[in-house]
Amino acid sequence: MKQAQNADISSMVTMVIVVVLIVIVLCLIASCIKIVPQAQAFIVERLGGYQATWSVGIHFKLPIIDRVARKVVLKEQVMDFPPQPVITEDNVTMQIDTVVFFQITDPKLFTYGVENPIMAIENLTATTLRNIIGDLELDQTLTSRETINTQMRSSLDIATDPWGIKVNRVELKNIIPPREIQDSMEKQMKAERERRESILRAEGEKKSTVLVAEGKKESAILEAQAEKEAAILRAEAKKEATIREAEGRAQAIEAVQKATAEGIRYLNEADPQQAVLTLKSLEAFERAADGKATKIIIPSEIQGLAGLAKAVVETSKEV
């Protein structure tokens, strides 16, 4: 009975040991499988020495003797360094902080080229900046940012090439001159703004005056044109009225002349006697005498007729 129990215990221990060994082997195999993500590289060492640089994908390493010494990021990186004191050629001390954009191009050189690459770049940036600013005066420093950026990028790129680092761009983030210089610069900028404001105000007033004058000129031209057109219309209307009036008078005269001619024609056709003609003469005389003339010359024939008429009247009375 005891032998059977001992056999069972031995088999259980054996199974536990086998399971533990299997788990250990599986963990060991899993630790030997490495997957390198995008934009990264792994530096692998074997027994302390450089073995290989793994790029993106799945890789296998030997257990115990191989190890991943460093994981290197290949994306472009940005380092914002704190302000550095620099002295210009005209002995003005100012604070300048820089931003460096760099990218690791050789993971092996980056790993084994320098002990602390970021600190090395920071110190190199400060040294290069002091050398460049030391050859420039204050005004040149404030107005030559692009030139300074280009020179620094070129110098840093050459210096960091043995470390497997490529400097893509360098930017001067802030240039902080001494306080007294800032005050004088602010006063100068204020004076410049006031000068520009005065110029703009004068130009605005000039343009306004020109616009007012042009408006008055345009208004006068329009008024003159309107007056001219009105005068032309009045003259044309007067002309038309005169023409109409003349035409009316001509038509009236024509009608009178036609009526007179028609009357004469009727008289001629009727063959009037002497008495009728005499009577018409008396009617004409009556119309003439009805005027305001002070003297009237009466023909002798009319006078005789007048005497005859008087005699006829007297005879009539006697009868």
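One numbering rule holds for all chains: residues counted from 1, following each sequence as written. Residue-level local features of this predicted model are given only where pLDDT is at least 70; pairs of side-chain atoms are given and counted only at 80 or more, and the full residue set underlies all totals for whole chains, interfaces and linings. Side-chain measures here rest on the full set of heavy atoms in the structure, leaving out hydrogens and waters.

So, the overall build of the protein chain
A tally of regular secondary structure across the protein chain gives eight helices and nine strands. For the exposure calls, accessible area comes from a 1.4 Å probe over protein chains only, and a residue counts as buried if that area is under 20% of its type's maximum, exposed if over 50%, partly exposed in between. Put simply, the protein chain has 319 residues, and 20% of those count as buried. Sequence separation of 24 or more characterises 62% of the internal contacts of the protein chain that already satisfy a separation of 6 or more. Using a 1.4 Å probe, accessible areas were evaluated by the Shrake-Rupley method; residue-level cover was limited to the displayed protein chains. In the form shown here, the protein chain has an accessible surface area of approximately 23,300 Å², with 59% of it arising from carbon and sulfur atoms. Note on conventions: DSSP H or I runs of at least 4 residues are helices, E runs of at least 2 residues are strands, and numbering of each starts at the N terminus. Any pair of residues with heavy atoms lying within 4.5 Å of one another is described as a contacting pair.

What about the environment of Pro85?
Tracing the chain through its elements places Pro85 in strand S7 (residues 84-87). Assessed through its relative accessible area of 38%, Pro85 is described here as partly exposed. The sequence separation of Pro85 and Ala126 amounts to 41 residues, and the corresponding C-alpha distance is 8.7 Å. Look past the residues within four positions of Pro85 in its chain and what remains in contact with it is Met94, Gln95 and Arg130.

A look at the sheet that holds strand S2 (residues 40-46)
Pairing within the open sheet is antiparallel, and its three strands lie in the order S3-S2-S5. Edge positions in the sheet fall to strand S3 (49-54) and strand S5 (66-73), since each of these pairs with one other strand and no more. The sheet shows a mean angle of 25 degrees between the axes of neighbouring strands, direction not considered. Strand pairing is assigned whenever DSSP detects at least two bridges linking the two strands. Here, axes are lines fitted to C-alpha atoms. For helices the fit covers the stretch in contact, and angles between N-to-C directions go from 0 to 180 degrees.

Focus: the nonpolar core
Nonpolar cores are built from buried Ala, Val, Leu, Ile, Met, Phe, Trp, Tyr and Cys residues. Side-chain atoms within 4.5 Å join them into one set. Counting 29 residues, the largest nonpolar core has Ile96, Val100, Ile121, Leu129, Ile148, Met152 and Leu172 as the members making the most contacts within it. Sorting the residues of this core by element identifies strand S8 (93-104), helix H3 (117-133), helix H5 (145-160) and strand S9 (165-176) as the ones contributing at least two each. The residues contacting Ile96, other than those within four sequence positions of it, are Pro82, Pro83, Gln84, Val86, Leu129, Ile133, Thr141, Leu172, Asn174 and Ile175.

Description of the side chain of Thr141
Mapped onto the fold, Thr141 is located in helix H4 (residues 138-143). Any N or O atom pair separated by 3.5 Å or less is treated as a polar contact, with the protein-specific requirement of one donor-capable and one acceptor-capable atom, and with residues adjacent in sequence counted only for side-chain atom pairs. At 2.8 Å, the side chain of Thr141 forms a polar contact with the backbone oxygen of Glu137. Those residues within four positions of Thr141 in sequence are excluded, and the remaining contacts are Thr88, Met94, Ile96, Ile133, Leu136, Ile148 and Ile175.

Structural notes on the pairing of S7
Here S7 shows a clear split, with Gln84 and Val86 buried on one side and none of Pro85 and Ile87 buried on the other. Alignment of S7 against S8, held across four bridges, turns out to be antiparallel. For Ile87, the partnering residue across the bridge sits in S8 and is Thr93. Linking two consecutive strands that pair antiparallel, namely S7 and S8, is a turn of five residues; a positive phi of about 60 degrees is found at Asn91 within it.

Without other data, these values stay purely geometric and don't point to any function.
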